[in-house]
Amino acid sequence: MNTTKYDVAIVGGGHNGLVAACYLAQAGKSVVILERNAEFGGATRSKEVFAGRDAKLSVYSYLVSLLPQKIIDDLGLKLNLRTRKTASWTPSFQDGQFRELLIRNGDRAANRQAFLDLTGDENDYRGYSKLQEMQRQVASVIWPSLTEPMITRQEMRSRLGDAGSAAWQALIEEPLGDIIEQLIRDDLIRGMVFTDARIGVSTFPDDPSLLQNRCFLYHIIGQGTGEWKVPVGGMGTLLNQLLGVALDSRQVTFVKHANVTHLDSSADGCTVTYDNDGTAIDIESQIVLCNASADELARMTGDPSAAKATEVEGAGFKINLLLKRLPQLRSSQCRAEEAFAGTVHIDEGYQQMITSYQQSMAGQIPQKPPGEIYCHTLTDNSILSDELNQQGFHTITLFGLDLPYRLFTENNDQAKQQVVDRYLAGINQFLAEPIEDCLATDADGNVCLETMSARDLEQIIHLPKGNIFHGDLTWPFAETDDEAGQWGVETSLPNVLLCGSAAKRGGAVSGIPGHNAAMKALEQLP
């Protein structure tokens, strides 16, 4: 066996592992990153998905909100995050009548009028604005705390003061559906708001577990505003920047095709054994950072206590499309260029989503699965070649809800096709022409449409049961007195820390658990 020694070994080369490596390298520590795939980056990769089409899509993750400016500045990342002109377009049918709501970024007067045109009065606009203010209040105390040791629920609550008590009660203590139904009457607007509580998870407005509240928080606290921005050049730009910083440090060793088979931890240090093309290789380190799920950590250590409650299955579905032109809308208020520049809500009415959730929990593919559409190229067309830009091509991403892992275990391909058919029908109901007429073809004549179920996400990028959060979402503060003062990355094993989505305050493209694991490791290292 070959044996090599490092200060820190990182299992998993996703963006959080790379963030941790960069911080540790800056501190002069030697680091090895063990990645079992042929490429680093995990869910932050960009690639040319469709043969012969020079379009580099953000294949998995696609927008950024939770990446702190502190990390960008500390690591010297050259990352341009661009605001979308449109926040969202939400079309629907009510009693056979077409209805729509367009919300623009930074245009309060136009947004107020849009609400008035939809509902006939200002009540829902006032309710929506009040909820937005509550979100800002909560975000103002949670957001800056995420790159610091955890504080207790009581301390976090006290930082809001008396002025924020109603916001805390509504967003933290009580089911999210209560405040939405109290402030907003219109089903379309209720649904538009509630979608942020359901990204990638199976839940409903009155869920007593408050999973919907936890999911909602992580989608509305980013940068203190909740805005989701477009990474210019695609998500792969972030990956390339992190790789560049790590390489330039000359402190980081990268190993691909490294399937970790065993991890032994003691008070004296750790030994990581990985298989590389049939050869077993040992790595010795003082500390191991696990940028994989807690279940993977339990497998590597053979210690069930290392596992968390990761039996929570993912419920997301991804469709990547390349269009030769944008489709025409059934809209009297906006053009496709304006609507698709933001998030387009498909079948995400409040009651629709309750029905969809119930159907999915009964083991059925929903009749009208909810989904959100986003067009990268209307905000940043640099991911396309000049030729494709001149021809009017665009990329479209759809993220689907209420499609849990269990629906794809028997016949993944057949179930995916059924889901795609229902999504295309769901999109077409709001278009003046079928979207199929706008789809590009690749060099082999195949339609440029790529799908990924929760089962695919497990197989390709090793998300447990396709769960984009690696398990159950945690509150962004200490939930016990023992956790207060910790970084949220600690495990029961000596010298082993979590540095990915399985850590507390993990999930999404944030780099936060990578930063926090590095800070904890530096506290422990000599």
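Residues numbered from 1 in each chain as written. Predicted model: local features only at pLDDT ≥ 70, side-chain atom pairs only at ≥ 80, totals over all residues. Heavy atoms only, no water.

As annotated in an unreviewed UniProt entry, the protein chain carries the name Ribulose-1,5-biphosphate synthetase and comes from Stieleria bergensis.

Student: For this particular structure, what's the right way to read the state of the cysteines?
Tutor: Simply put, the disulfide is a covalent bond whose two ends are the sulfur atoms of two cysteines. Tallied over the entire structure, the rule returns zero disulfides. Of all cysteine sulfurs in the structure, the one in Cys-499 sits closest to Cys-22, which takes part in no disulfide; the separation is 12 Å. The closest cysteine sulfur to the non-disulfide-bonded Cys-438 is located on Cys-375, 12 Å from its own sulfur. In this structure Cys-438 comes out as buried when scored by relative accessible area, which is 0%. (Disulfide = S-S within 2.5 Å. Buried < 20%, exposed > 50% of the residue type's maximum accessible area, 1.4 Å probe, protein only.)

Student: What should I look at first to understand the packing of helix H5 (residues 153-160) against helix H6 (residues 165-173) in this one?
Tutor: Helix-helix packing is characterised by the crossing angle of the two axes and by the distance between the axes. Contact geometry of H5 with H6 gives a least axis separation of 9 Å together with a crossing angle of 140°. Of the possible angle classes, the one that applies to H5 and H6 is oblique. In the crossing of H5 with H6, the sense of the turn from one axis to the other is right-handed. Of the residues in H6, those touching H5 at Arg-153, Met-156, Arg-157 and Leu-160 are Ser-165, Trp-168, Ile-172 and Glu-173. Residues of the contact of H5 with H6, tallied by class, amount to four nonpolar, one polar and three charged. (Axes fitted to C-alpha atoms, helices over the stretch in contact; angles between N-to-C directions. Helix = DSSP H or I, 4+ residues; strand = E, 2+ residues; numbered from the N terminus. Parallel < 35°, antiparallel > 145°, perpendicular 65-115°, else oblique. Left-handed = near helix turned anticlockwise from the far one by under 90°. Contact = heavy atoms within 4.5 Å. Nonpolar A, V, L, I, M, F, W, Y, C, P; charged D, E, K, R; others polar.)

Student: Help me understand the domain arrangement of the protein chain in this model?
Tutor: As a measure of interface size, the accessible area lost when the parts come together is often cited. The domain boundaries assigned to the protein chain delineate domain 1 (4-43 + 234-310 + 487-524) and domain 2 (81-231 + 313-461). Inter-centroid distance (C-alpha atoms) of domain 1 to domain 2 is 31 Å. Taken together, the 13 residues of domain 1 in the interface contact 14 residues of domain 2. Both sides of the domain 1 and domain 2 interface together cover about 1100 Å² of buried area, and 67% of this is carbon and sulfur. Put simply, domain 1 and domain 2 have zero salt bridges between them. Linking domain 1 to domain 2 there are four residue pairs in polar contact (both at pLDDT 80 or more). (Domains from an automatic or database assignment. Buried area = accessible area lost by both parts, 1.4 Å probe. Salt bridge = Lys/Arg side-chain N within 4 Å of Asp/Glu carboxyl O. Polar contact = N/O pair within 3.5 Å; in protein donor to acceptor, adjacent residues only side chain to side chain.)

Student: Just checking my understanding: could you explain the nonpolar core for this structure?
Tutor: As a rule of thumb, soluble globular proteins bury nonpolar side chains together. Grouped together as the largest cluster of nonpolar side chains are 64 residues, with contacts concentrated most on Ile-10 and Leu-289. The next biggest cluster of nonpolar side chains, apart from the first, holds 58 residues, and it includes Met-134, Ala-170, Leu-183 and Ile-221. (Core = buried A, V, L, I, M, F, W, Y, C linked by side-chain atoms within 4.5 Å.)

Student: Is there a simple way to explain the sheet that holds strand S6 (residues 86-94) in this structure?
Tutor: Adjacent strands of a sheet pair through backbone hydrogen bonds, lying either parallel or antiparallel. Spatial strand order, S7-S6-S14-S15-S16-S13-S17: seven strands in an open sheet with mixed pairing. A single partner strand is all that each edge strand has here, and the edge strands are strand S7 (97-104) and strand S17 (449-452). Recorded for the sheet is a direction-independent mean angle of 15° between the axes of neighbouring strands. Sheet topology note: the strand S15 (residues 371-374)/strand S16 (residues 394-400) ladder contains four bridges and is antiparallel. Counted as the bridge partner of Gly-371 is Gly-400 from S16. (Pairing = 2+ DSSP bridges.)

Student: Quick question: what am I supposed to make of the pairing of S16 here?
Tutor: Successive side chains on a regular strand alternate, one facing one side of the sheet and the next facing the other. With seven of its seven residues buried, S16 lies for the most part within the structure. Covered by surrounding structure in S16 are His-394, Ile-396, Leu-398 and Gly-400 together with Thr-395, Thr-397 and Phe-399, the residues of both alternating faces. Alignment of strand S13 (residues 317-323) against S16, held across seven bridges, turns out to be antiparallel. Bridge assignment links Lys-318 to a residue of S16, and that residue is Phe-399.

Student: Would you mind going over a negative patch on the surface with me for this structure?
Tutor: On the surface, a cluster of negative charge is made up of Glu-174, Asp-178, Glu-181 and Asp-206. Residue position: Glu-174 is located in the loop between H6 and helix H7 (176-183). When its relative accessible area of 31% is taken as the criterion, Glu-174 is described as partly exposed. (Patch = residues over 30% accessible without salt bridge, like charges linked within 9 Å, V, L, I, M, F, W, Y side chains within 5 Å. Areas by Shrake-Rupley, 256 points an atom, 1.4 Å probe, with all protein chains shown as cover. Lys, Arg positive; Asp, Glu negative; His and termini not counted. Charge placed at Lys NZ, Arg CZ, Asp CG, Glu CD.)

Student: Sorry if this is basic, but what is going on with helix H3 (residues 108-119) here?
Tutor: Since one α-helical turn is 3.6 residues long, residues separated by three or four positions face the same way. Taking 1.5 Å per residue as the helical rise, H3 with its 12 residues ought to reach 16 Å, and the 17 Å between its terminal C-alpha atoms agrees with that figure. Among the residues making up H3, those that are buried are Asn-111, Ala-114, Phe-115 and Leu-118. Buried residues along H3 cover an arc of 95° about the axis, so they all sit on one side. Set apart from the buried face of H3 by more than 90 degrees, the exposed residues are Ala-109 and Asp-117. For H3, the elements touching its buried residues are S7, helix H4 (123-142) and helix H8 (187-194). (Expected span 1.5 Å × (residues − 1). Arc of directions from axis to C-beta.)

Student: Whenever I open this one, helix H17 (residues 512-524) confuses me. Can you help?
Tutor: Here H17 contains 13 residues, and its C-alpha end-to-end distance of 19 Å stays within 8% of the 18 Å for a straight helix at 1.5 Å per residue. Every buried residue belonging to H17 is among Ile-512, Pro-513, Gly-514, His-515, Asn-516, Ala-517, Ala-518, Lys-520 and Ala-521, and all of these are buried.

Student: Help me understand the environment of Ser-145 in this model?
Tutor: In this structure, Ser-145 sits in the loop between H4 and H5. The exposure class of Ser-145 is buried, given its relative accessible area of 3%. Sequence separation between Ser-145 and Ala-478 is 333 residues; the distance between their C-alpha atoms is 11 Å.

Student: Could you clarify how one ought to interpret the pattern of salt bridges in this entry?
Tutor: For side chains bearing opposite charge, pairing can occur when the charged atoms are close. Taken as a whole, this structure holds 22 salt bridges when the rule is applied. Between Arg-36 and Glu-296 there is a salt bridge, with its nearest N and O atoms 3.5 Å apart. Placement of the pair is Arg-36 in the loop between strand S2 (31-34) and strand S3 (46-48) and Glu-296 in helix H11 (residues 294-301), with a sequence separation of 260 residues. Relative accessible area serves as the criterion here: at 30%, Arg-36 is assigned to the partly exposed category.

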